[in-house]
Amino acid sequence: MIRERATKQQIDEMLKTWGVFIKIVVDIEREILAGGAERHYECEQELLKDGSKQKKSLGCRLVSFHPRNGV
């Protein structure tokens, strides 16, 4: 769960799953996100456990522009 601007360490950790992109779900009302899982569903479940509402959540994939993978 990320409640503030993600650090480089947090981004690197989330990149471990897919390498070049991160699956995340954002609670647009609370301005927090969960990410780094294999499926968006897993991220969504973490937000729901934390009190988010499904209708206020948005799933997306962030592509990394990390020098490690050259993208």
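Right above here is the structure, for reference.
Any details on the packing of aromatic side chains? Residues and values, ideally.
Across all of its chains, the model carries one aromatic pair by this definition. Here Trp-18 and Phe-21 contribute two aromatic rings whose centre-to-centre distance is 5.4 Å and whose plane-to-plane angle is 15°, an arrangement assigned as stacked. Looking at Trp-18, the relative accessible area reads 39%, which means it is partly exposed. Since its relative accessible area comes to 14%, Phe-21 is described here as buried. Above the ring of Phe-21, the side-chain terminus of Arg-61 is found at 4.8 Å from the ring centroid.

Any details on the sheet that holds strand 3 (residues 57–63)? Residues and values, ideally.
Strand order across the open sheet formed by three strands is 2-1-3, with antiparallel pairing between neighbours. The sheet is open, and its two borders are formed by strand 2 (32–35) and strand 3, each paired with just one other strand. The mean inter-strand angle of the sheet, taken between neighbouring strand axes irrespective of direction, is 30°. Bridge analysis of strand 1 (residues 21–27) against strand 3 gives seven bridges, and the strand direction is antiparallel. When the bridges of strand 3 are listed, Lys-23 appears paired with Arg-61.

Explain helix 1 (residues 8–15) residue by residue, including any values.
Listing the buried residues of helix 1 in full gives Asp-12, Met-14 and Leu-15. Looking straight down helix 1, one finds its buried side chains confined to an arc of 165°; they lie on one side. Here the buried face of helix 1 lies against strand 1 and strand 2.

Lay out the side chain of Glu-44 in plain terms, naming residues and giving numbers.
With respect to the secondary-structure elements, Glu-44 resides in helix 2 (residues 40–49). Arg-39 is the oppositely charged side chain nearest to the buried, salt-bridge-free Glu-44, at an N-O distance of 10 Å. Engagement of the side chain of Glu-44 in a polar contact is seen with the side chain of Gln-54, the distance being 3.0 Å. Dropping the residues within four chain positions of it, Glu-44 is found in contact with Val-25 and Gln-54.

Give a detailed account of the state of the cysteines, specifying residues and quantitative values.
Tallied over the full model, the rule gives zero disulfides. The structure places no disulfide on Cys-43, whose sulfur is separated from the nearest cysteine sulfur, that of Cys-60, by 9.5 Å. Taking the relative accessible area as the measure of exposure, Cys-43 reaches 2% and is therefore buried.

Rules behind the numbers
Residues numbered from 1 in each chain as written. Predicted model: local features only at pLDDT ≥ 70, side-chain atom pairs only at ≥ 80, totals over all residues. Heavy atoms only, no water. Phe/Tyr/Trp six-rings, centres within 6.5 Å; stacked < 30°, edge-to-face > 60°. Buried < 20%, exposed > 50% of the residue type's maximum accessible area, 1.4 Å probe, protein only. Lys NZ or Arg CZ within 6 Å of the ring centre and 35° of its normal. Pairing = 2+ DSSP bridges. Helix = DSSP H or I, 4+ residues; strand = E, 2+ residues; numbered from the N terminus. Axes fitted to C-alpha atoms, helices over the stretch in contact; angles between N-to-C directions. Arc of directions from axis to C-beta. Contact = heavy atoms within 4.5 Å. Lys, Arg positive; Asp, Glu negative; His and termini not counted. Salt bridge = Lys/Arg side-chain N within 4 Å of Asp/Glu carboxyl O. Polar contact = N/O pair within 3.5 Å; in protein donor to acceptor, adjacent residues only side chain to side chain. Disulfide = S-S within 2.5 Å.

Purely spatial values, then, with no claim about function.
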